[in-house]
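Next come the chains, spelled out residue by residue.
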Amino acid sequence: MSQFIESIKIEDQEVFLLELHQKRVNDTFAHFGAQGSINLEKIVKNLEIDEDGFFKLRIVYDLNRNYKTQLIPYAIAEIDNFQLVENNTYDYAFKFEDRKEFEKMKTKAKCEEIIIVKNNYITDTSYTNLLFLKDEIWYTPTTYLLNGVMRQHLLKENKIKETEITLQNIKEFSHFQLINSMNDFDDMFIYPIERIVNLPESREYLGI
């Protein structure tokens with residue numbers, strides 16, 4: 001049976017974006033025709049977290065409502081370089097624990113992190129959604145692989161906008177940053193677009 005994963009930010013005993021995580025879990029159960037769901041609020045309360053600090057709560061679950069938890073100290077890491085990688089068939093609309101396809105793409109790449117291109121459109125990295133800066137406005141691609149909870153939150157708060165980002169227009173953006181449930185806007189980790197080592201001059205850049 002497939003397993004799914006939620007990674008929830010807990011900082012100084014405060015739990016972030018729990019409603020959006022719960023909605024994603026509920027949607028996963030409903031999509032695959034499973035009865036019920038798991039109650040994330042109850043799971044968090046049962047952990048009785050009484051320690052300050054920055055943690056990732058990792059919950060792995062299946063559609064029989066079995067789950068296991070792991071509370072992990074977390075630190076945001078800076079990434080040295082990125083590479084565009086083409087994959088026109090991969091579907092990651094639900095947050096499966098199985099990440100073999102991501103690891104396969106990363107193994108073939110020559111950089112620390114990948115940015116996945118699907119049918120000419122920019123999507124996500126191997127573990128985050130993306131934001132791109134143009135004229136002092138942050139945009140996120142309409143062509144995400146996974147509609148992450150932070151992405152949804154920032155759009156709802158009108159802090160970012162959606163737009164199509166392609167191989168043809170990516171150079172119109174000056175900077176980019178990575179967002180996921182653990183990574184909000186962070187001025188310390190804004191990357192110049194040139195940090196992507198194989199920005200397109202032709203389709204040969206993909207190494208396909």
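The rules behind the values
Residues numbered from 1 in each chain as written. Predicted model: local features only at pLDDT ≥ 70, side-chain atom pairs only at ≥ 80, totals over all residues. Heavy atoms only, no water. Salt bridge = Lys/Arg side-chain N within 4 Å of Asp/Glu carboxyl O. Helix = DSSP H or I, 4+ residues; strand = E, 2+ residues; numbered from the N terminus. Buried < 20%, exposed > 50% of the residue type's maximum accessible area, 1.4 Å probe, protein only. Patch = residues over 30% accessible without salt bridge, like charges linked within 9 Å, V, L, I, M, F, W, Y side chains within 5 Å. Areas by Shrake-Rupley, 256 points an atom, 1.4 Å probe, with all protein chains shown as cover. Lys, Arg positive; Asp, Glu negative; His and termini not counted. Charge placed at Lys NZ, Arg CZ, Asp CG, Glu CD.

Colleague: Could you give an account of the pattern of salt bridges, with specific residues and numbers?
Modeller: Tallied over the entire structure, the rule returns nine salt bridges. For R24, the salt bridge identified is with E6, shortest N-O distance 2.8 Å. In this pair, R24 is assigned in helix α1 (residues 18–31) and E6 in strand β1 (residues 3–11), connecting sequence segments 18 residues apart. Owing to a relative accessible area of 12%, R24 belongs among the buried residues under this scheme. Judged by relative accessible area, E6 falls into the buried class, the value being 1%. Here K134 ties to E172 by a salt bridge, and the two come within 2.9 Å at their closest N and O atoms. With a gap of 38 residues between them, K134 in strand β8 (residues 129–134) and E172 in the loop between β10 (161–163) and β11 (175–179) connect regions that are remote in the sequence.

Colleague: Break down a negative patch on the surface for me, with residues and values.
Modeller: On the surface, D12, E14, E48, D50, E51 and D52 cluster together into a negatively charged patch. Looking at the secondary structure, you find E48 in the loop between α2 (40–47) and β3 (54–62).

These results come straight from atomic positions and should not be treated as a statement about function.
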